[in-house]
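So you can see what is in the structure, the chains are spelled out below.
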Amino acid sequence: MFMNATIGIEKDFDLTEIINGEEVMTPSPFRKHQRIAVKIFRQLDRFVEQKKLGFVYFSPLDVIFEEGENRLQPDIFFVRNENEGIEQDWIRGVPDMVCEIISPGTLNRDIYIKKEIYERYGVPEYWVIFPDFMAIEILTLESGKYMRYSFAEVEGMVASKVIGGLQVNVKDIFE
């Protein structure tokens, strides 16, 4: 947390994550990353709100899987109505879907380290967005391991298993 020394107000904006017990400062994303995040968020949020399924969030907002051990900030994530009890000061528990947008310098962290953490804590669905390839991969848990559920590159649709009925055209995200 940052403290404003002049008036003593705490601000809740912090890009620090705790990954496997180690503090990691994430740089702010580039414009391209944010543009993609906004497009995905808009589609997810519109669909989830129309169907009254839950709530879609975007970074920075801490998802605390285990205090002091794993506190991550997925780019976008979804919490079903049935799981709203995890929505507290931050998110304290397991979201139903998380999404990471791969940026320069985050490939290893996002597709290996964070994937393993999301898998370990049982996040049902993990979206990985590859801007350089105009690709979206959706992984779902099958017997405790992530398996590819849906994939599209350059053109085509991806479908969510967790957010039933949701389909996203990759062209709408990357154009």
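Values in this document were obtained by computation on a predicted structure and should not be read as measured data.

Caption draft 1: Summary view of the overall build of the protein chain. A tally of regular secondary structure across the protein chain gives 3 helices and 15 strands. The buried share of the protein chain, reckoned over its 175 residues, is 46%. Of the contacts formed within the protein chain by residues at least 6 apart in sequence, a portion of 50% connects residues at least 24 apart. Taken as a whole, the protein chain presents about 9600 Å² of accessible surface, with 52% of it coming from carbon and sulfur.

Caption draft 2: How the structure looks around the nonpolar core. Residues I40, L44, I76, W127, I129, I136 and I163 are the most contacted members of the largest nonpolar core, which totals 26 residues. Listing elements by their share of this core, those giving two or more residues are helix 1 (31–51), strand 8 (76–80), strand 10 (97–101), strand 11 (125–130), strand 12 (135–142) and helix 3 (170–174). Sorting elements by how many residues they give to this core places helix 1 first, with 7 residues. If we ignore the near neighbours within four places in the chain, the residues touching W127 are L44, M97, V98, C99, E100, I136, E137, I138, S160, L166 and V168. If you look at the next biggest cluster of nonpolar residues, it comprises 24 residues, including V63, I102, V128 and A135.

Caption draft 3: Representation of the sheet that holds strand 10 in the model. Spatial strand order, 5-8-10-11-12-13: 6 strands in an open sheet with mixed pairing. Taken across any chain shown, the strands that pair with only one partner, and hence form the sheet edges, are strand 5 (54–58) and strand 13 (145–153). Direction aside, the axes of adjacent strands within the sheet are offset by 15° on average. Of the strand pairs in this sheet, strand 10 and strand 11 are connected by 5 bridges, and their pairing is parallel. Looking at strand 11, one finds that I101 is bridged to I129. Across the sheet, helix 1 is in contact with strand 5, strand 8, strand 10 and strand 11; its angle to strand 5 comes to roughly 175°. Packing against the sheet, helix 2 (residues 107–121) makes contact with strand 10, strand 11, strand 12 and strand 13, and its axis sits at approximately 175° to strand 11.

Parameters at a glance
- Every residue gets a number counted from 1 within its own chain, in the order that chain's sequence is written.
- Side-chain atom pairs in this predicted model are given and counted only at pLDDT of 80 or more, local residue features only at pLDDT of at least 70, and totals for whole chains, interfaces and linings cover all residues.
- Hydrogens are left out, water is left out, and the side-chain values use all remaining heavy atoms of the structure.
- Strands here are runs of E lasting at least two residues and helices are runs of H or I lasting at least four, both read from the DSSP assignment and numbered beginning at the N terminus.
- Note on exposure labels: buried denotes an accessible area under 20% of the residue type's maximum, exposed denotes more than 50%, and partly exposed covers the range between, all computed with a 1.4 Å probe on protein chains only.
- Two residues qualify as a contact provided that any one of their heavy atoms is within 4.5 Å of a heavy atom in the partner residue.
- Accessible surface is estimated by sampling points in the Shrake-Rupley manner with a 1.4 Å probe; for residues, cover comes only from the protein chains shown.
- Definition used in this section: a nonpolar core is a set of buried Ala, Val, Leu, Ile, Met, Phe, Trp, Tyr and Cys residues joined via side-chain atoms within 4.5 Å.
- Any two strands between which DSSP finds at least two bridges are classified as paired.
- Note on geometry: axes are C-alpha line fits, over the in-contact stretch for helices, and angles between N-to-C directions span 0 to 180 degrees.

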